[in-house]
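# Architecture at a glance
Spelled out, the chains give:
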Amino acid sequence: MIVIEDLMVKLGSFTLQVDYLEVRDKEYFVVMGPSGVGKTVFLRTLIGFIKPLKGKIIVNGRDITNEPPENRGFALVPQDYALWPHMTVYENIAYGLKARGLDSQVIREKVEWIAGILEITDILDRYPNQISGGQQQRVALARALVVEPQLVLLDEPLANLDPRLRFKARSFLRELHMKLGFTAIHVTHNIVEALYLGDRIAYMEEGVIKHISTPIEFIKSPWSKPYLDEIEPILGMLSDNR
Amino acid sequence: MLRLLKAKHGFSIIASIAASLLILFLFIPLVALFALANIGVLSEAWISDPVLAREAWLALIRTIQASLLSSFILLLVGIPTAYLFARKSFSLKTLIESIVNVPLMIPHAVAGIMVLVAYSRRGLLGFLTSGLGLAVDDSFWGIVAAMMFVSAPIAIDTIRVAIESIDPVLEMVARSLGASQFRVFMTITLPLSLRGIATGFILSWARSISEVGAILIVAYYPKTINVLVMEWFNTYGLSYAVALSIPLVLMSIALFIAVRLVLRK
């Protein structure tokens, strides 16, 4: 379980304040809000690239607030996937395992296992510029999931895909979560993505989490009002899913 | 002029004229140098006269050795410096960056004086450089130090730009996956900035080879080829200075072709 207590970050005139947040084991937790409200700052603070002014980040009872990023046991999937262009898909996925000093045979087995789940086995020897956007997204997910992190942090991972692919990738992400049961914090400005993927949704505005609930409760809350036009077409799909 | 600018291809024509004038301005001295070269003197300077040829070859080899050494040392210390400037925030950063660029702006004779008063036997750190056998006055190390001093900003700035052009998120992801800062530097930052590092090396090498002002002050002896060009110009006249200059010009053309090839890859 991830617990965030009294977290405060100041970047120039911007302030991020999270009084209390709990992400349960195997939960898919979505932080939703308009662009520029501090969602990425929140992720980068969790992962250790921005030092909070105060507060605690506790993972399974261990305070990791002052740990360097490599010791937190998290894995980041950024918006543009950030695949390393000088490495093959295999090398990209194996990177975190190598950093952990695993044996090359074990690395191979794990890479093949995750590549099988993400259906990218046939592109393992290609370079990132030789694969499609959708495949790049799967490689970024494979690279994060193969290290079996305590928390996967997804920063707008569907934003770079065209609408048709985004729909497919959303379903795929949901199936993947059901299959592997990882704990995730996914930040997005897209309400449909949040409602479809999130076990719970936190709504953020101006660096503050205003509301946390399940997707259905979110729809009933006043915070969903600005998004009603986007929500209506998917209401049926949501009730089918849950 | 305005009518020409508005005409189809007008701007291209004007740009081409401006470029042609500038290229000619740079190209004509090159042609003149080669046109003035006397094969007899060239042969005397580099082959047939044993005294002159020995002096010329020794000076050329010394210049290449010192400039290569200076550029390698700059790579070793310049890459971490460029990394810090590109990726870290620290107090007095702007001031430190400005100081690093000082050698770009000051007359090179002044740069020589600065190196001399700092690292010569009687300089500020003379006790240290003398103790380590690295005193700069009239020594090979003086040539290296003068070359390093004037070319450091070029090496650091070129490598820094290369590192800054790498999306920091590439490094963040690697850190998040369990890689230490050093591992990320070695496996992500360094390979992705290799082209910039190679360019920085070649440019700082070229700058070192061309240095004369600072070297004249710090270490007239042992002579580098640039010092020798000045000496022969004063002692034997223009044709001997030209004979010495030709290999230098050819070398600099080769270096800049190398830069273009590295950048094109």
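How each quantity is defined
- Residues numbered from 1 in each chain as written.
- Chains lettered and ligands numbered in written order.
- Predicted model: local features only at pLDDT ≥ 70, side-chain atom pairs only at ≥ 80, totals over all residues.
- Helix = DSSP H or I, 4+ residues; strand = E, 2+ residues; numbered from the N terminus.
- Rg over C-alpha atoms; globule rule 2.2 N^0.38 Å.
- Buried ≥ 20, exposed ≤ 12 C-beta atoms within 10 Å, placed from the backbone.
- Contact = placed C-beta atoms within 7 Å.
- Nonpolar A, V, L, I, M, F, W, Y, C, P; charged D, E, K, R; others polar.
- Axes fitted to C-alpha atoms, helices over the stretch in contact; angles between N-to-C directions.
- Parallel < 35°, antiparallel > 145°, perpendicular 65-115°, else oblique.
- Domains from an automatic or database assignment.
- Left-handed = near helix turned anticlockwise from the far one by under 90°.
- pLDDT = per-residue confidence, 0-100.

## So, the overall build of chain A
- A tally of regular secondary structure across chain A gives nine helices and ten strands.
- Radius of gyration (C-alpha) of chain A: 18 Å, near the 18 Å computed for a compact globule of 242 residues.
- Dimensions of chain A, computed from the C-alpha atoms along their principal axes, are close to 50 × 45 × 30 Å.
- Split into buried and exposed, the 242 residues of chain A put 43% on the buried side.
- Look at the contacts in chain A between residues 6 or more apart in sequence, and 68% of them connect residues 24 or more apart.

## Notes on the environment of B:Ala18
- Relative to the elements of secondary structure, B:Ala18 occurs in helix H2 (residues 10-36).
- Taking the C-alpha atoms as reference, B:Ala18 lies 35 Å from B:Ile166; in sequence the two are 148 residues apart.

## A few points about the interface of chain A and chain B
- At the interface, 16 residues of chain A touch 16 residues of chain B.
- Of all the elements in the fold, those that place two or more residues in the side of chain A that touches chain B are strand E6 (74-77) and helix H2 (89-99) of chain A.
- Among the residues making up the side of chain A that touches chain B, the classes are represented as twelve nonpolar, two polar and two charged.

## A word on the packing of helix H3 (residues 39-48) of chain B against helix H4 (residues 50-87) of chain B
Residues and elements named next belong to chain B.
- Where H3 contacts H4, the axes come no closer than 6 Å and their chain directions differ by 75°. The angle between the axes of H3 and H4 places the two elements in the roughly perpendicular class. Contact with H3, carried on its side by Glu44, Ala45, Trp46 and Ile47, involves Leu52, Ala53 and Ala56 of H4 and no other residues of that element.
- The residue makeup of the contact of H3 with H4, split by class, is six nonpolar, no polar and one charged.

## Brief notes about the domain arrangement of chain A
Residue and element names in this part refer to chain A.
- Examined at the domain level, chain A breaks down into domain 1 (1-66 + 152-242) and domain 2 (74-148).
- A straight line from the C-alpha centre of domain 1 to that of domain 2 covers 24 Å.
- Contacts between the two partners involve 17 residues from domain 1, matched on the other side by 14 residues from domain 2.
- Where the side of domain 1 that touches domain 2 is concerned, the elements lending two or more residues are helix H1 (39-47), strand E7 (151-155) and helix H5 (163-180).
- Take the side of domain 1 that touches domain 2: its biggest share by element is five residues, from H5.
- Broken down by class, the residue content of the side of domain 1 that touches domain 2 amounts to 13 nonpolar, one polar and three charged.

## Some remarks on the packing of H3(B) against helix H15 (residues 238-264) of chain B
Residue and element names in this part refer to chain B.
- In contact at an axis separation of 9 Å, H3 and H15 are set at 65° when each is read in the N-to-C sense. By the criterion of interaxial angle, the relationship of H3 to H15 is roughly perpendicular. Of the two possible hands of crossing, H3 and H15 adopt the one that is right-handed. On H15, the residues touching Val41, Leu42 and Ala45 of H3 are Ser239, Tyr240, Ala243, Leu244 and Ile246.
- Of the residues belonging to the contact of H3 with H15, the class tally is seven nonpolar, one polar and no charged.

## What to know about the confidence of the model for chain B
- Put simply, chain B has an average pLDDT of 93, and 99% of its residues get 70 or more.
- Per-element confidence in chain B is highest for helix H9 (residues 140-164) of chain B, whose mean pLDDT is 97, and lowest for helix H1 (residues 2-6) of chain B, whose mean pLDDT is 71.

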